[in-house]
Amino acid sequence: MGRYHPGKHDSFIKCETPRCGANNAPEGSTEYDTDCWRCGESLGGKPELGDVITVDIVDEKSDGTLVCKTESGFVLFLEEDIGAIQATVRVTSVDETYGEAELVETNQ
C-alpha cells in the first residue's frame, strides 16, 4: 500500500527521509497514504487541523473564495479579500481532497 506504480500513476511523491528516497503513490490515488510505505515517515501531504502554514494563492472562485495550495500541493479554501500571492493561514477543516483555512497574516 502506498507504492508508486509507473503503469498506473502519472506522478509520485518522493520520500525526503535520508537513506530512503522511496517513490510513493500520488495524492488523489486510491493507494495514497500520508506516510512513506518504506520507512513510515510522514510525506507532509495533508495538513492537520490547527496547523499554521504558508500557502500560495493560486486562483479565486466565482464567489470570491480564494484557492490556495500548500507546498505539497494540498488545496485549501480561504474566505478573505486580500491581494497577496502568499499568506499564512490556520487550517480549520480537512477533508480527503481539500480543506478550509482562516487568515493569520498576508505575506508580500
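Chains are numbered independently. Their residues run from 1 in the order of the written sequence. Under the rules for a predicted model, residues below a pLDDT of 70 receive no local features and side-chain atom pairs below 80 are neither given nor counted, while totals for whole chains, interfaces and linings still include all residues. With hydrogens and water set aside, each side-chain value is computed from the structure's full complement of heavy atoms.

Quick notes on the nonpolar core
Formally: Nine residue types can take part in a nonpolar core, namely buried Ala, Val, Leu, Ile, Met, Phe, Trp, Tyr and Cys, and a core is a set of them joined through side-chain atoms within 4.5 Å. Note on exposure labels: buried denotes an accessible area under 20% of the residue type's maximum, exposed denotes more than 50%, and partly exposed covers the range between, all computed with a 1.4 Å probe on protein chains only. The secondary structure listing takes helices from DSSP runs of H or I that are at least 4 residues long and strands from runs of E that are at least 2 residues long, numbered from the N terminus. Contacts were defined at the residue level, with two residues in contact if any of their heavy atoms lie within 4.5 Å.
Judged by nonpolar contacts, Val55, Ile57, Leu66, Cys68, Phe74, Leu76, Leu78, Ala87, Val89, Val91 and Ala101 together constitute the single largest core of 11 residues. If you list the elements that add at least two residues to this core, you get β3 (52-60), β4 (66-69), β5 (75-78) and β6 (86-94). Ranked by residue count, the leading element in this core is β6, at 3 residues. Every residue in contact with Leu78, bar those within four places of it in the chain, is listed here: Thr65, Leu66, Cys68, Val89, Ala101, Glu102 and Leu103.

Details of the packing of aromatic side chains
For clarity, the cut-off: Within 6.5 Å between ring centres, the rings of Phe, Tyr and Trp (the latter by its six-membered ring) count as paired, and their orientation is classed by plane angle as stacked under 30 degrees, edge-to-face over 60, tilted in between. For a ring to carry a charge above it, either NZ of a lysine or CZ of an arginine must fall within 6 Å of the ring centroid while also lying within 35 degrees of the normal to the ring plane.
The full count for this structure, using the stated rule, is 2 aromatic pairs. Summarising the aromatic geometry, the rings of Tyr4 and Phe12 are spaced 4.9 Å apart at their centres and angled 55° between planes, so their arrangement reads as tilted. Positioned over the ring face of Trp37 is Arg3, at 3.8 Å from the centre of the ring. Above the plane of the ring of Phe77 lies Lys61, whose end atom (NZ or CZ) is 4.8 Å from the centre.

So, unusual backbone geometry
Phi is positive for Arg19, close to 70°, though the residue is something other than glycine. Looking at the element boundaries, Arg19 is found in the loop between β1 (13-14) and β2 (23-24).

Things to note about the sheet that holds β5
In a beta sheet, neighbouring strands are held together by backbone hydrogen bonds and run either parallel or antiparallel to one another. Using the following cut-off: Pairing between two strands is assigned when DSSP locates at least 2 bridges connecting them. Every axis in this analysis is a line fitted to C-alpha atoms, fitted for helices over the stretch in contact. Angles between the N-to-C directions lie between 0 and 180 degrees.
Strand order in the closed barrel formed by 5 strands is β3-β4-β5-β7-β6, with mixed pairing between adjacent strands. For this sheet, the mean inter-axis angle between neighbouring strands, taken without regard to orientation, is 50°. Both β4 and β5 contribute to a ladder of 4 bridges, which runs antiparallel. Following the sheet pairing, Val67 is matched in β5 by Phe77.

Examining a negative patch on the surface
Inclusion rule: Patches were defined on residues exceeding 30% relative accessible area and lacking a salt bridge, with like-charge contacts within 9 Å and nonpolar side-chain contacts (Val, Leu, Ile, Met, Phe, Trp, Tyr) within 5 Å. Accessible surface is estimated by sampling points in the Shrake-Rupley manner with a 1.4 Å probe; for residues, cover comes only from the protein chains shown. One speaks of a salt bridge when a side-chain nitrogen belonging to Lys or Arg is within 4 Å of a carboxyl oxygen belonging to Asp or Glu. Charge assignment: positive for Lys and Arg, negative for Asp and Glu; neither His nor the chain ends contribute. Lysine's charge is taken at NZ, arginine's at CZ, aspartate's at CG and glutamate's at CD.
Taken together, the side chains of Asp59, Glu60, Asp63, Glu79, Glu80, Asp81 and Glu100 define an acidic patch exposed on the protein surface. Assignment of secondary structure puts Glu80 in the loop between β5 and β6. The class of Glu80 is partly exposed, set by a relative accessible area of 32%.

Looking at the environment of Gly45
Positionally, Gly45 belongs in the loop between β2 and β3. Given a relative accessible area of 6%, Gly45 falls into the buried group. For the pair formed by Gly45 and Thr70, sequence separation is 25 residues and the distance between their alpha carbons is 8.5 Å.

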